[in-house]
Amino acid sequence: MNTLKQTILVLSYTLLAMVSTTAHSSSLEECSLDTITDRLSNQPELSRFEQLKTITVLSRPLSSEGFLLLTPQSGLIWQTRNPIKSTTVITASEFKQFNKKDQPLSLPESADTEASQVISSTFLAILSGHFDQLKRNFTAETSCSNGEWQVSLTPSNDAIEQIMTYIHIAGTDHIDEIAFTESSGDKTALQFFPEEAEPIAEQLRKYLAK
């Protein structure tokens, strides 16, 4: 599995950006990437996630689960615990991965680092709730009603479009679900559940220093 596929599968990613936005709302409440970002200003530090990935060449989807930790420095630690442990650390300045034995993984020399950085920055912006940063690389359609919101993102950046074709996000005062479709046709659906488990959070923070 190449580096970009690993990045997408684990996360995850980060984007520092700005995009043309079209918005519609089924209610009178204001609904834009900026207002949704304001609503997500208190994203939970720790969340449990469940992931279901549908691969075109497989008859059954692949499921996994683990934890996501957001750091005060606007970074994240994403750890899959089942079926196989793996850990990814993404900040504005670095991208690190660790295997099931917590050994660091090196990116192959052939990796497209520019595309990896754009994808990583996209998912960092999404998962940290900074939707206003997506305006550069996506066209966005937003919908808000009764305290719930949805965002559909279509890439306007060629590097992203070669990796994925569509991202859908939904939530309330935190992100509830993310679904995205890769250029290969593979699809991933994620659900998030806020957690209050300090021992898990503390264990994940240690990866920042590895």
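Numbering of residues starts from 1 in every chain and runs along the sequence as written. Note on the predicted model: pLDDT of at least 70 is required for a residue's local features to be given, and 80 or more for side-chain atom pairs to be given and counted; whole-chain, interface and lining totals, by contrast, use all residues. In computing side-chain values, all of the structure's heavy atoms are included and hydrogens and water are not.

By the naming in an unreviewed UniProt entry, the chain goes by Outer membrane lipoprotein carrier protein LolA and is assigned to Kangiella sediminilitoris. UniProt positions are given in the numbering used here, feature names are shortened, and annotations may be inferred rather than shown by experiment. Listed under Subunit (unreviewed entry) in UniProt, the entry text for the chain is "Monomer."

Engineer: In this structure, what is going on with unusual backbone geometry? I would like to understand it.
Structural biologist: For residues other than glycine, phi is negative in most cases, and the peptide bonds are mostly trans. A cis amide bond links Asn82 to the next residue, Pro83, at an omega of 5 degrees. Here Pro83 lies in the loop between β4 (76–82) and β5 (86–90). The phi dihedral of Asp102 falls on the positive side, at around 65 degrees, and the residue is not glycine. Positionally, Asp102 belongs in the loop between β6 (95–98) and β7 (104–105). Put simply, DSSP H or I for four residues or longer makes a helix, DSSP E for two residues or longer makes a strand, and each gets a number counted from the N terminus.

Engineer: In this structure, what is going on with empty space enclosed by the protein? I would like to understand it.
Structural biologist: Summary: where empty space remains is shown by rolling a probe the size of a single water molecule over the atoms. Buried and open spaces are told apart on a 1 Å grid over the protein atoms alone, a cavity being a set of points where a 1.4 Å probe fits but cannot get out and a pocket being an open set with protein on both sides within 12 Å along at least five of seven lines. Residues with an atom within 4 Å of a point are the lining residues. Grid points are joined across faces, edges and corners, and a volume is the space filled by probe spheres set on the points. Overall, the coordinates contain one cavity of 30 Å³ or more when judged by the stated rule. Every residue lining the largest cavity is listed: Gln43, Pro44, Glu45, Leu46, Ser47, Leu68, Leu70, Leu127, His174, Ile175 and Phe192. Put simply, the parts of the chain that give the lining of the largest cavity at least two residues each are β2 (46–54) and β3 (62–70). Throughout this entry, Asp, Glu, Lys and Arg are counted as charged residues, while Ala, Val, Leu, Ile, Met, Phe, Trp, Tyr, Cys and Pro are counted as nonpolar. The remaining residues, Gly among them, count as polar. Looking at side-chain class alone, the lining of the largest cavity contains seven nonpolar, three polar and one charged residues.

Engineer: I'm lost on the pattern of salt bridges in this one. Help?
Structural biologist: Where charged atoms of side chains with opposite charge meet at close range, the side chains can pair. Salt bridges are defined as contacts in which a side-chain nitrogen from Lys or Arg sits within 4 Å of a carboxyl oxygen from Asp or Glu. Considering all chains together, one arrives at nine salt bridges under this definition. Lys135 is paired through a salt bridge with Asp34; the nearest N and O atoms lie 2.9 Å apart. In this pair, Lys135 is assigned in the loop between α3 (113–127) and β8 (138–145) and Asp34 in helix α2 (residues 33–39), connecting sequence segments 101 residues apart. Residue exposure (1.4 Å probe, protein chains only): buried if accessible area is under 20% of the type maximum, exposed if over 50%, otherwise partly exposed. Classification of Asp34 as partly exposed rests on a relative accessible area of 36%. Across the pair Arg205 and Glu202 runs a salt bridge whose closest N-O atoms are separated by 2.9 Å. Residue Arg205 and its partner Glu202 are both found in helix α5 (residues 198–205); the two are separated by three residues, about one turn of the helix. Salt bridges here are not isolated pairs; linked through shared partners, they connect Glu45, Glu198, Glu202 and Arg205.

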